[in-house]
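Listed below are the residues making up each chain.
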Amino acid sequence: ARTGSGGGGGAGWSLGRIFPWASAWQRRAPAGVDGRGPAGFDGVEVAPRTAAVAPAPARWAGTDEDPGVFLTWEDVCVMVAGAAYGAQPVSILSGITGHAGPGEVLAIMGPSGCGKTTLLDTLAGRLGPGITETGSILINGRREKLAFGTSAYVTQDSVLMSTMSVREAIYYSAQLQLPGTMPAAEKRAHADAVIREMGLGDAMDTRIGGRMTKGISGGQRKRVTICVEMLTRPRLLFLDEPTSGLDSAASYHVMSHIARVAAREGMTVVAAVHQPCGDVFDLFHRLCLLAYGRTIFFGPASGATQFFTESGFPCPPLRNPSDHFLRTINKDFDEEIVESSKARRKTAAEAIEILTDAYQSPAYSEKTMDRIAEMKGIGGAPFRKREQASFSTKLFVLTRRSFVNMHRDIGYYWMRLGVYLGIGICLGTIFYQVGHSYSSIQARCEVIMYTTALLTFMAIGGFPSFVEDVKVAFSLPSD
Ligand SMILES: Nc1ncnc2c1ncn2[C@@H]1O[C@H](COP(=O)(O)OP(=O)(O)OP(=O)(O)O)[C@@H](O)[C@H]1O
């Protein structure tokens, strides 16, 4: 199997050669981790969390200068203005507290609409206008806006250029995001490795496609988006529904790869996940379970089952624990009655109250607060902006990509070319041999006016492509 981007020793090239900033990580990583490199996606068996993704300290030992990203948030509340004019603001999140550290995967779970994406957006500093937040969100104990290349966000809806192939989409991103000093061949090798790690080897040359043209599947699109964001090996990675649209095997391989990279390189991963299967759930180090904007549970993922059992909602035998958690706390469907070990069966609304109160007990919430206090004392130097492509490289790559995109888009380029030719022939024949008399001055002015007006109006036809370009530009990590 081909080794991955951080493969190190066993690979023909090393992470340190590609990412100068990563050499220190590589040196620190234990031989067993480094020498192996991430297994390919295709059919390679990956051991569960206990073996393949050990807790962070075993893999990642930060230094004073580079302790990794310790993200803490306390009492985070998010309010959004009501839809009607003058309506009261609506609370989306209230009093959310938690933490995530290097080498760990934190899963945010909860019923649909509970506030998972809002929490991710809040932590990533991406809340839109009209939404207000309160509370304290700190990185290594200080307020810090992470510099370019330090954090990445995989959104729920992937924004990709429909005319590009998988390989091209990732190559162009690699050219834009990776350091200008890195040779083009290494960028390509790194992009190829990341593509294979995500199990996209067979779809490399397939067109991404969009609404009008069929291309890769929804699950493959998701993986392409993850590839694009993981190219720079960010220190903090936010993932919104990384496994949506994937079958259980693909979900497991994608998440296990992310967890392995996190453990090896000290990456902090915060992922909003809908309905993980048992194997995927086992990959999570920590779980933040939300219901209707409130915390139901925050702590080691392996401790959630015990928490539910102690609170009177044991997981029935042969049921996936994550299914059990979500069924217990989903009150969208009134008829749902959850099974409780206590005498009376409970409604989901009652279950949520019981679990929320149970989580406030010192055994659970105080542990979280203690860990947050520890993380706030980590300190370390602010994260430096990572090197990226030069202005001239960006200009060249973006111009080239734009031309490739335009000439492949029949509606944008070829049809308009046909229309221009038609208009040219019409105007040419109408105003053929207008002569040089005084009356021809008027005819010449008309030609200029028609040509200018038509060119202006025809330019509007390019607007949809421009909008697509803008979306892609905004989805890329900003400088
Ligand atoms: N800008 C907004 N204006 C009004 N309500 C909003 C806004 N953003 C989010 N909400 C509401 O906040 C709640 C949480 O939304 P969010 O997208 O965070 O949920 P989610 O848990 O990610 O859902 P899903 O799993 O279905 O993606 C929802 O009820 C949603 O309707």
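The structure contained in this document is the topic of the report that follows. Residue numbering note: each chain is counted from 1, following its sequence as written. Per-residue local features are limited, in this predicted model, to residues with pLDDT of at least 70; the limit for side-chain atom pairs, both in listing and counting, is 80 or more; totals at the level of whole chains, interfaces and linings are taken over all residues. Excluded from the side-chain calculations are hydrogens and water; all other atoms, namely the structure's heavy atoms, are used.

1. Here we look at the state of the cysteines
Phase 1 of the analysis: In what follows, a disulfide is any cysteine sulfur pair within 2.5 Å. Following the criterion strictly, the structure yields 0 disulfides and no others.
Phase 2 of the analysis: Of the cysteine sulfurs around C315, a residue in no disulfide, the closest is that of C277, at 14 Å.

2. As for the sheet that holds strand β1 (residues 71-80)
Phase 1 of the analysis: For two strands to count as paired, DSSP must find a minimum of two bridges between them. Runs of E in the DSSP output that reach at least two residues are strands. Runs of H or I that reach at least four are helices, and both are numbered from the N terminus. With antiparallel pairing, 3 strands are arranged side by side in an open sheet as β2-β1-β4. Here the strands that pair on one side only, and so sit at the sheet edges, are β2 (90-100) and β4 (131-139). Averaged over all pairs of adjacent strands, the angle between strand axes in this sheet comes to 5°, irrespective of strand direction.
Phase 2 of the analysis: Summarising the sheet, β1 and β4 pair through 8 bridges and their orientation is antiparallel. When the sheet's bridge partners are listed, E74 is paired in β4 with S136.
Phase 3 of the analysis: In what follows, residue pairs with any heavy atoms lying within 4.5 Å of each other are defined as contacts. To obtain an axis, a line is fitted to C-alpha atoms, over the contacting stretch when the element is a helix, and the angle between two such axes runs from 0 to 180 degrees between their N-to-C directions. Strand contacts of helix α6 (residues 116-124): β1, β2 and β4, with the helix running at about 120° to β1, the strand carrying the most contacts.
Phase 4 of the analysis: Sitting on the sheet, helix α15 (residues 362-376) touches β1, β2 and β4, and the angle it makes with β2 is about 65°.

3. A closer look at the packing of aromatic side chains
Phase 1 of the analysis: Stacked, edge-to-face and tilted labels apply to pairs of Phe, Tyr and Trp rings (six-membered ring for Trp) whose centres lie within 6.5 Å, assigned for plane angles under 30 degrees, over 60, and everything in between, in that order. A complete count under the given rule lists 11 aromatic pairs for this structure.
Phase 2 of the analysis: Geometrically, the ring pair formed by W73 and F298 is edge-to-face, given 6.3 Å between the ring centres and 90° between the ring planes. Here F298 lies in strand β9 (residues 294-300) and W73 lies in strand β1, a separation of 225 residues in the sequence.
Phase 3 of the analysis: Note on exposure labels: buried denotes an accessible area under 20% of the residue type's maximum, exposed denotes more than 50%, and partly exposed covers the range between, all computed with a 1.4 Å probe on protein chains only. Take F298: its relative accessible area is 2%, and that puts it in the buried class.
Phase 4 of the analysis: Geometrically, the ring pair formed by Y153 and F238 is tilted, given 6.0 Å between the ring centres and 35° between the ring planes. Taken together, the positions of Y153 in strand β5 (residues 151-154) and F238 in strand β6 (residues 236-240) put the pair 85 residues apart, joining distant regions of the chain.
Phase 5 of the analysis: The class of Y153 is buried, set by a relative accessible area of 7%.

4. Let's talk about the site of the ligand
Phase 1 of the analysis: Working definition: residue near molecule or strand if any one of its non-hydrogen atoms lies within 4 Å of it. Around the ligand sit 13 residues in total, of which S112, K116, T117, T118 and H274 are the nearest.
Phase 2 of the analysis: Here a polar contact is taken to be a pair of N or O atoms separated by no more than 3.5 Å, where protein atoms must pair a possible hydrogen donor with a possible acceptor and residues adjacent in sequence count only if both atoms sit in side chains. Between an oxygen atom of the ligand and a main-chain N or O atom of G115, the distance comes to 3.0 Å.
Phase 3 of the analysis: Interatomic distance of 2.6 Å between a side-chain N/O atom of T117 and an oxygen atom of the ligand.
Phase 4 of the analysis: With 3 residues, α6 is the largest single contributor of residues to the shell around the ligand.
Phase 5 of the analysis: Residues belonging to the shell around the ligand are distributed by class as follows: 4 nonpolar, 7 polar and 2 charged. Here the term charged refers only to Asp, Glu, Lys and Arg, the term nonpolar to Ala, Val, Leu, Ile, Met, Phe, Trp, Tyr, Cys and Pro, and the term polar to all other amino acids, Gly among them.

5. Comments concerning the packing of helix α9 (residues 218-230) against helix α10 (residues 248-265)
Phase 1 of the analysis: The N-to-C vectors of α9 and α10 enclose an angle of 10°; their axes lie 12 Å apart at closest approach. Relative to α10, the element α9 lies roughly parallel. Only V254, H257, I258 and V261 of α10 make contact with α9, whose side of the interface consists of R223, I226 and M230.
Phase 2 of the analysis: Here the contact of α9 with α10 is built from residues that sort into 5 nonpolar, 1 polar and 1 charged. Roughly parallel means an angle under 35 degrees; roughly antiparallel means over 145; roughly perpendicular covers 65 to 115; every other angle is labelled oblique.

6. Details of the environment of Y413
Phase 1 of the analysis: With respect to the element layout, Y413 can be found in helix α17 (residues 410-430).
Phase 2 of the analysis: Looking at Y413, the relative accessible area reads 34%, which means it is partly exposed.
Phase 3 of the analysis: The spacing of Y413 and G461 is 48 residues in sequence and 9.6 Å in space, taken between C-alpha atoms.
Phase 4 of the analysis: Not counting the four nearest positions on each side in its chain, Y413 is found in contact with M406 and H407.

7. Re the sheet that holds β9
Phase 1 of the analysis: One open sheet accounts for 6 strands, arranged β5-β6-β7-β3-β8-β9; its pairing is mixed. On the outer flanks of this sheet lie β5 and β9, each paired with one strand and no other. Mean inter-strand twist for the sheet, computed between neighbouring axes without regard to direction, equals 10°.
Phase 2 of the analysis: For β6 and strand β7 (residues 268-272), the ladder comprises 5 bridges, and the chain directions are parallel. Among the inter-strand pairings, L236 is bridged to a residue of β7, identified as T268.
Phase 3 of the analysis: Strands in contact with α9 are β5 and β6; relative to β5, the strand with the most contacts, it is inclined by about 170°.

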